[in-house]
Amino acid sequence: MTAGGAAPRERTAELAEALAAVRARIAAACAAAGRDEREITLIAVTKTFPASDVRLLAGLGLTEVGENRDQEARPKAAECADLPLTWHFVGRLQTNKARAVAGYADVVHSVDRSRLVSALSDAAVRGGRTLRCLVQVSLDEEEAAQGRGGAAPDAVPGLADEIAGAPGLRLGGVMAVAPLGADPVPAFTRLARIATEIRRNHPDARIVSAGMSGDLEQAIACGATHLRVGTALLGGRRAIVR
Ligand SMILES: *Cc1c(COP(=O)(O)O)cnc(C)c1O
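Throughout this document, residue positions are counted from 1 along each chain, in the order its sequence is written. Owing to the predicted nature of the model, reporting of local features is limited to residues with pLDDT of at least 70; listing and counting of side-chain atom pairs is limited to 80 or more, with chain, interface and lining totals taken over all residues. Side-chain measures here rest on the full set of heavy atoms in the structure, leaving out hydrogens and waters.

A. Geometry of the overall build of the chain. When you go through the chain residue by residue, the secondary structure sums to ten helices and eight strands. In this setup the radius of gyration rests on C-alpha atoms only. A globule is expected at 2.2 Å times the number of residues raised to 0.38. Compactness check: the chain gives a C-alpha radius of gyration of 17 Å against a globular reference of 18 Å for 242 residues, within 12% of the reference. Structurally, the chain occupies a C-alpha span of about 50 × 45 × 35 Å along its principal axes. In the chain, which comprises 242 residues, the share counted as buried stands at 51%. Note on areas: Shrake-Rupley with a 1.4 Å probe; residue coverage comes only from the protein chains shown. Accessible surface computed for the chain: about 11100 Å², of which carbon and sulfur atoms make up 50%. Neither His nor the chain ends contribute to the count of charged residues, in which Lys and Arg are positive and Asp and Glu negative. For the purpose of locating charges, the reference atoms are NZ of Lys, CZ of Arg, CG of Asp and CD of Glu. Both charge centroids of the chain, one from 30 positive and one from 28 negative side chains, sit 4 Å from each other. Here a helix means four or more residues in a row that DSSP labels H or I, a strand means two or more in a row labelled E, and each is numbered from the N terminus. Only protein chains enter the calculation, and the probe is 1.4 Å; a residue is then buried if its accessible area is under 20% of its type maximum, exposed if over 50%, and partly exposed in between.

Here it is, written out as structure tokens:
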């Protein structure tokens, strides 16, 4: 696939085909799991792809967009401000970027520590916005050790309570990335159990953000409600395009 260079009409056709293929995978996975497709929200992770792709995807009916770096997301969201989109911030977030991210993001998937809860809460209140926040769960000790993000499972209920009690924030649920190179099913199963536990105190926190291009079927089988799909929709991320 060509990313930035294709003529708009060609690129639209490419994206439409990829979107149809991803939707077919979702439909098949839902059928296999006995789930209703309407339970699934597809987020297009558009990192490294230009705002023009976001615009084309919006034209194809996509409403959810995900980004992982503030530097890139902020101008892209500004360029697309006229579109009816929901912006999901899915990457590692430094507290000093909380204010900027709270300016355009609707959902933050990567809340993994108390300091970030307070920074996002302050930012949301100052900006007069409400941010839906997910607790990112680390399902891999190695991952936590390498600082790739995510709270240890036993810290998740406490963080969920903090978010639920923070002005300007609303607890949406949980998020995880499956450990690299391993079977994702045990990780997604564990995430589902944690999500169920959180819902005992927070019945509205129904979002389970799991599943990417390579493991969306397993995520759906394990109860995911939100899929974060980049490569399968937009193509390979070789070129950095802005
Ligand atoms: C990039 C990214 C994705 C999308 O990954 P693909 O494998 O390209 O679908 C999903 N979640 C997060 C947190 C990401 O950074």
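B. Examining the site of the ligand more closely. Contacts to the ligand come from Val45, Lys47, Val90, Met175, Met212, Ser213, Arg228, Val229, Gly230, Thr231 and Arg237. Between an oxygen atom of the ligand and a side-chain N or O atom of serine 213, the distance comes to 2.5 Å. Its free accessible area being 390 Å², the ligand has 87% of it covered by the protein chains. The nonpolar class holds Ala, Val, Leu, Ile, Met, Phe, Trp, Tyr, Cys and Pro. Asp, Glu, Lys and Arg form the charged class, and all remaining residues, Gly among them, are polar. A class-by-class count of the residues in the shell around the ligand yields five nonpolar, three polar and three charged. The criterion for a residue being near a molecule or strand is simple. One of its heavy atoms has to lie within 4 Å of it. Here a polar contact is recorded for every N or O atom pair within 3.5 Å, except that within protein the pair must consist of a potential hydrogen donor and a potential acceptor, and residues adjacent in sequence are included only if both atoms are side-chain atoms.

C. Quick peek at the state of the cysteines. Count a disulfide wherever a pair of cysteine sulfur atoms falls within 2.5 Å. A full pass over the atoms with the stated rule returns zero disulfides. Left without a disulfide partner, cysteine 222 is nearest to the cysteine sulfur of cysteine 30, which lies 13 Å away. On the basis of relative accessible area, cysteine 222 is assigned to the buried category, the value being 16%.

D. Structural context of the nonpolar core. Ranked by internal contacts, the top residues of the largest apolar core, which has 71 residues, are Ile26, Leu42, Val108, Leu120, Leu169, Val174 and Leu227. For this analysis, residues touch if any pair of their heavy atoms sits within 4.5 Å. Not counting the four nearest positions on each side in its chain, leucine 42 is found in contact with Leu19, Val22, Arg23, Ile26, Leu62, Glu64, Leu227, Val229 and Leu233. Here the nonpolar core consists of buried residues drawn from Ala, Val, Leu, Ile, Met, Phe, Trp, Tyr and Cys, with membership extended through side-chain atoms lying within 4.5 Å.

E. Seen up close, the pairing of strand β5 (residues 131-136). Counting buried residues in β5 gives five out of six residues, a clear majority hidden from the surface. Taking the sense of rotation as the criterion, the β-α-β connection linking strand β4 (residues 107-111), helix α5 (residues 114-127) and β5 turns out right-handed. Two strands qualify as a pair provided DSSP detects at least 2 bridges between them. With six bridges joining them, β5 and strand β6 (residues 169-175) adopt parallel strand pairing. Note on β6: the bridge partner recorded for glutamine 136 is methionine 175. The crossover handedness rule: strands pointing away from the viewer, path from first strand over the helix to second strand clockwise, crossover right-handed.

F. Summary view of helix α2 (residues 51-59). Among the residues making up α2, those that are buried are Ala51, Asp53, Val54, Leu57 and Ala58. Taken down its axis, α2 places every buried residue within 155° of arc, on the same side. Packed against the buried residues of α2 are α1 (8-33), β1 (41-45), β2 (64-67), α3 (70-79), β3 (86-89) and α10 (231-234). Starting at the helix axis, one direction is taken to each C-beta atom, and the arc is that of these directions.

G. Representation of the packing of helix α7 (residues 156-165) against helix α8 (residues 184-201) within the structure. Think of each axis as a best-fit line through the C-alpha atoms, taken over the contacting stretch in the case of a helix, with angles from 0 to 180 degrees between the N-to-C directions. The geometry of α7 relative to α8 is characterised by a closest axis approach of 10 Å and an angle of 45° between their N-to-C directions. Classified by the angle their axes make, α7 and α8 are oblique. Crossing of α7 against α8: the hand is right-handed. Between α7 and α8, the contacting residues are Val156, Pro157 and Ala160 on the first element and Ile194, Glu197 and Ile198 on the second. In terms of residue class, the contact of α7 with α8 is built from five nonpolar, no polar and one charged. Angle categories are assigned with fixed cut-offs, so that under 35 degrees is roughly parallel, over 145 is roughly antiparallel, 65 to 115 is roughly perpendicular, and the rest are oblique. Crossing handedness: left-handed means the near helix sits turned counterclockwise from the far one by under a right angle, and right-handed means the same turn made clockwise.

H. Spotlight on the environment of alanine 73. By the secondary structure assignment, alanine 73 is in helix α3. The spatial distance from the C-alpha of alanine 73 to the C-alpha of alanine 210 is 21 Å, given a sequence separation of 137 residues. Residue contacts for alanine 73: discarding those within four places in its chain leaves Glu67 and Tyr104.

I. Here's a closer look at the UniProt feature "modified residue: N6-(pyridoxal phosphate)lysine" (unreviewed entry) in the chain. UniProt positions are given in the numbering used here, feature names are shortened, and annotations may be inferred rather than shown by experiment. In the numbering used here, UniProt assigns the "modified residue: N6-(pyridoxal phosphate)lysine" (unreviewed entry) feature to Lys47. Its place among the elements puts lysine 47 in the loop between β1 and α2. Not counting residues up to four positions away in its chain, the partners in contact with lysine 47 are Gly66, Glu67, Asn68, Glu72, Lys76 and Arg237.

J. Examining the pattern of salt bridges more closely. A carboxyl oxygen of Asp or Glu within 4 Å of a side-chain nitrogen of Lys or Arg is what we treat as a salt bridge. Throughout the structure, instances matching the rule amount to 14 salt bridges. We note a salt bridge from arginine 25 to glutamate 217, for which the minimum N-O separation is 2.8 Å. Of this pair, arginine 25 sits in helix α1 while glutamate 217 sits in helix α9 (residues 216-221), placing them 192 residues apart in sequence. A residue is classified by how much of its surface remains accessible, and glutamate 217, at 31% relative accessible area, is partly exposed. As a salt-bridge pair, arginine 206 and aspartate 204 come within 4.0 Å of each other at their nearest N and O atoms. When sorted by exposure, arginine 206 lands in the same class as aspartate 204, which is exposed. Each of the salt bridges in this network shares a partner with another, and the network as a whole consists of Glu67, Arg69, Glu72 and Lys76.

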